[in-house]
Amino acid sequence: MSKIFNTEADCKPELHYMVDISDRLRSIEEMIDQGKYFTINRGRQYGKTTTLRILANYLRDKYLIVSLDFQDMDSSDFSNVEYFAEAFADLFYSRVKRSDDLPQDLLTELKDFAGGQIPRANLRKLFSLLKNCCEKASRPIVLLIDEVDTASNNQVFLDFLAKLRAGYINRDAEATFQSVILAGVYDIKNLKRKFVNKEEHNAENSPWNISASFHEDMSFSPGQIAGMLREYETDHQTGMDEKYISELIYEYTSGYPVLVSGICKWIDEELIGTKEFPDAASAWTYEGVTESAGNLLKASSPLFESMIRQITQTPELGEMLKSILFEGESVSFNPDNAVLSLAAMFGYVKSENGQVKVSNRIFETRLYNYFLSLEETESAACKDARENINEFVKNGCLDMELLLRKFVKHFSSVYADNDQSFVEKYGRKIFLLYLKPVINGTGHYYIEAQTRDMKRTDIIVDYLGQISVIECKIWHGQKYNEDGEKQFLEYLDRYDLKKAIC
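Novice: I would appreciate a short explanation of the overall build of the chain in the present structure.
Specialist: Regarding its fold elements, the chain presents 20 helices and 13 strands. In the chain, which comprises 502 residues, the proportion classed as buried is 53%. A total of about 24,000 Å² of accessible surface is found on the chain, and carbon and sulfur atoms cover 46% of it.

Novice: When you look at the packing of aromatic side chains in this model, what are you seeing that I'm missing?
Specialist: Considering all chains together, one arrives at 36 aromatic pairs under this definition. What links up through ring pairs into an aromatic cluster is the set F70, F78, F84, F88, F92, F127, F157, F160 and F177. Its guanidinium or amino end placed over the ring of Y252, R361 lies 4.8 Å from that ring's centre, counting from NZ or CZ. Over the ring of Y446 we find R361; its NZ or CZ atom is 3.5 Å from the centre of that ring.

Novice: How do you make sense of the environment of T39 when you look at a structure like this?
Specialist: Mapped onto the secondary structure, T39 falls in strand β1 (residues 37–41). Using a relative accessible area of 4% as the deciding quantity, one classes T39 as buried. Here the alpha-carbon distance between T39 and W208, two residues 169 residues apart in the chain, equals 9.1 Å. Setting aside anything within four residues of it in sequence, one finds T39 in contact with L182, Y186, I188, W208, S211 and F214. One polar contact links T39 to W208, side chain to side chain, over a distance of 2.8 Å.

Novice: Any chance you could explain unusual backbone geometry here in plain terms?
Specialist: It is generally the case that most residues other than glycine have a negative phi and that most peptide bonds are trans. Not every positive phi belongs to a glycine, and S254 is a case in point at roughly 55 degrees. With respect to the element layout, S254 can be found in the loop between α8 (242–253) and α9 (257–271). What makes S254 buried here is its relative accessible area of 19%.

Novice: So what exactly am I meant to see when it comes to the side chain of S219 here?
Specialist: Within the secondary structure, S219 is located in the loop between β6 (203–205) and α7 (222–236). With relative accessibility at 11%, the residue S219 sits in the buried group. A distance of 2.6 Å separates polar atoms of two side chains, one belonging to S219 and the other to D217. The residues contacting S219, other than those within four sequence positions of it, are R24, Y46, Q224, S254, G255 and P257.

Novice: Would you mind going over the nonpolar core with me for this structure?
Specialist: Generally speaking, soluble globular proteins have nonpolar side chains that are buried together. Counting 115 residues, the largest nonpolar core has L435 and Y445 as its most contacted members. Among all residues touching L435, those that are not within four sequence positions of it are M400, L403, Y445, I459 and V461. With 48 residues, the next largest nonpolar core counts Y37, M73, L91 and I145 among its residues.

Novice: I'm lost on helix α13 (residues 315–327) in this one. Help?
Specialist: Think of an α-helix as turning once every 3.6 residues; residues three or four places apart then point the same way. The end-to-end C-alpha separation of α13 is 17 Å, in line with the 18 Å expected for 13 residues at 1.5 Å each. Along α13, the positions that sit buried rather than exposed are L317, G318, M320, L321, S323, I324, L325, F326 and E327. Note on α13: the residue one or two positions beyond its end, G328, has a positive phi of about 65 degrees.

Novice: Sorry, what's going on with the sheet that holds strand β3 (residues 141–146) here?
Specialist: Paired through their backbone hydrogen bonds, the strands of a sheet run either parallel or antiparallel. Taken together, 4 strands build an open sheet; the order of strands is β1-β4-β3-β2 and the sheet is parallel. For this open sheet the edge positions go to β1 and β2 (64–69), each flanked by a neighbour on one side alone. Along the sheet, successive strands turn relative to each other by an average axial angle of 15 degrees, direction set aside. Relative to β3, β2 runs parallel, the two being bridged by 6 bridges. Opposite L64, over in β3, you have I141 as the bridge partner. Relative to β2, helix α3 (residues 81–96) is tilted by about 135 degrees, and along the sheet it contacts β2 and β3.

Novice: Hey, could you run me through the pattern of salt bridges in this one?
Specialist: Two side chains that carry opposite charge are able to pair once their charged atoms sit near each other. As enumerated under the stated definition, the model contains 18 salt bridges in all. One salt bridge connects K131 with E174, and the closest N-O pair in it is separated by 2.9 Å. One end of the pair, K131, is in helix α5 (residues 123–136); the other, E174, is in the loop between α6 (155–169) and β4 (179–184), with 43 residues separating them in the sequence. A salt bridge links E251 to R361; the shortest N-O distance between them is 3.7 Å. Placement of E251 in helix α8 and of R361 in helix α15 (residues 361–376) is noted, with a sequence separation of 110 residues between them.

Novice: In this structure, what is going on with the environment of K406? I would like to understand it.
Specialist: Tracing the backbone through its elements, the reader meets K406 in helix α18 (residues 400–415). Classification of K406 as partly exposed rests on a relative accessible area of 24%. Sequence separation of K406 and Y434 is 28 residues, and the distance between their C-alpha atoms is 9.7 Å. If we ignore the near neighbours within four places in the chain, the residues touching K406 are N388, E391, F392 and Y434.

Quick notes on the rules
Residues numbered from 1 in each chain as written. Predicted model: local features only at pLDDT ≥ 70, side-chain atom pairs only at ≥ 80, totals over all residues. Heavy atoms only, no water. Helix = DSSP H or I, 4+ residues; strand = E, 2+ residues; numbered from the N terminus. Buried < 20%, exposed > 50% of the residue type's maximum accessible area, 1.4 Å probe, protein only. Areas by Shrake-Rupley, 256 points an atom, 1.4 Å probe, with all protein chains shown as cover. Phe/Tyr/Trp six-rings, centres within 6.5 Å; stacked < 30°, edge-to-face > 60°. Lys NZ or Arg CZ within 6 Å of the ring centre and 35° of its normal. Contact = heavy atoms within 4.5 Å. Polar contact = N/O pair within 3.5 Å; in protein donor to acceptor, adjacent residues only side chain to side chain. Core = buried A, V, L, I, M, F, W, Y, C linked by side-chain atoms within 4.5 Å. Expected span 1.5 Å × (residues − 1). Pairing = 2+ DSSP bridges. Axes fitted to C-alpha atoms, helices over the stretch in contact; angles between N-to-C directions. Salt bridge = Lys/Arg side-chain N within 4 Å of Asp/Glu carboxyl O.

Below, the structure written as structure tokens:
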């Protein structure tokens with residue numbers, strides 16, 4: 001059976017086309033060898049589960065890997081300490097029961113504990129048993145726990161983390177896990193609880209403040225994407241230029257794993273065999289990548305739904321993103337800012353040269369579409385554009401020059417009395433509101449990130465393969481104008497265009 005590109009659940013090397021993550025595995029192995037406890041927290045569908053499962057196989061000859069998933073536990077298992085202790089023991093036992101690394105009497109004790117045979121089971125008794133396992137195992141034990149977000153709002157989980165923390169601190173005096181890795185979206189290190197003892201009355205501490213920092217980049221590089229495409233090419237012989245196509249995909253996704261796979265999957269399963277792309281050779285091209293990215297932008301997905309939900313639940317996040325996207329505002333990245341920290345944790349924004357940037361072009365355009373949709377019904381620009389659609393589009397071709405002339409006329413008549421600050425703040429948004437109903441459903445656009453600031457914005461529009469480059473520019477002197485013209489010459493070469501529209 002041929003491999004496929006996967007966007008659901010974890011990726012399996014024998015079933016799915018995957019990037020090579022050997023460097024990532026070696027970096028994690030080094031942290032494990034050093035006895036580090038740490039958290040892998042990344043945005044949704046960022047490859048955390050895939051990494052843990054491949055890691056478990058990668059290290060199986062060196063360590064006893066106990067890989068758990070908190071989604072295998074019921075909500076009732078977190079309702080009190082006894083239920084949690086027994087459920088955890090049950091999961092642990094299910095992973096080690098066939099191992100030769102633990103003596104049979106310990107396996108029997110684990111089974112009895114999981115089965116409720118230990119009176120008044122609690123975390124102290126559970127960790128006493130786990131310490132015995134660590135002490136008597138023939139190899140060091142590495143504990144991996146996926147989907148820790150399932151439990152992050154439960155006190156019993158915080159108590160569990162505190163026990164792991166205590167074991168780590170006392171590791172010079174008693175046996176404990178060689179390493180513990182927790183994986184989820186939220187940074188568990190930021191969870192707080194009250195530790196009350198003689199030295200710390202009502203002091204607030206993190207039960208996971210012993211966690212080492214995990215800085216490994218889990219996004220895909222163009223080279224990694226090219227390697228995955230090379231394997232696909234070996235199987236299908238499309239004649240694609242793997243390096244060129246991988247760089248195109250990276251331009252849209254910045255290597256966000258599920259978006260990379262999503263574009264590839266759409267090309268492979270949806271484009272090939274269509275009227276526009278009759279074979280694989282025609283699909284694995286610039287036009288094919290662009291078409292697939294456009295369709296990905298229009299599709300529903302848990303990733304996009306989660307992003308919009310976070311924005312609606314955190315209005316400050318939405319306002320910050322709008323100011324960056326529409327007004328070109330420069331926002332310094334500060335990890336102590338709760339809103340920024342949330343957005344970065346979910347993978348929506350990143351720090352680039354100390355400034356907040358939306359993580360990738362797909363997210364950026366999806367956000368543009370969302371924010372614009374909130375104003376479309378009330379927008380005079382949208383109304384005017386809809387009334388002229390039949391003039392703008394004839395025989396499947398978009399007359400961009402006419403659209404721009406009509407927009408300038410509309411803008412001048414409606415907004416002529418507004419001052420310069422209004423034009424700088426809202427001008428580009430009004431143009432996008434004018435553009436969107438014309439190309440909606442047939443074409444798509446994106447903003448060239450390098451040029452989005454208060455002085456200029458370059459918009460790339462693809463309408464059925466017809467590329468238009470539009471510069472939205474506020475006059476700030478001849479020098480900025482000359483810089484813009486130089487940028488446009490690059491666009492002409494890049495998109496094989498004869499003219500650009502300013």
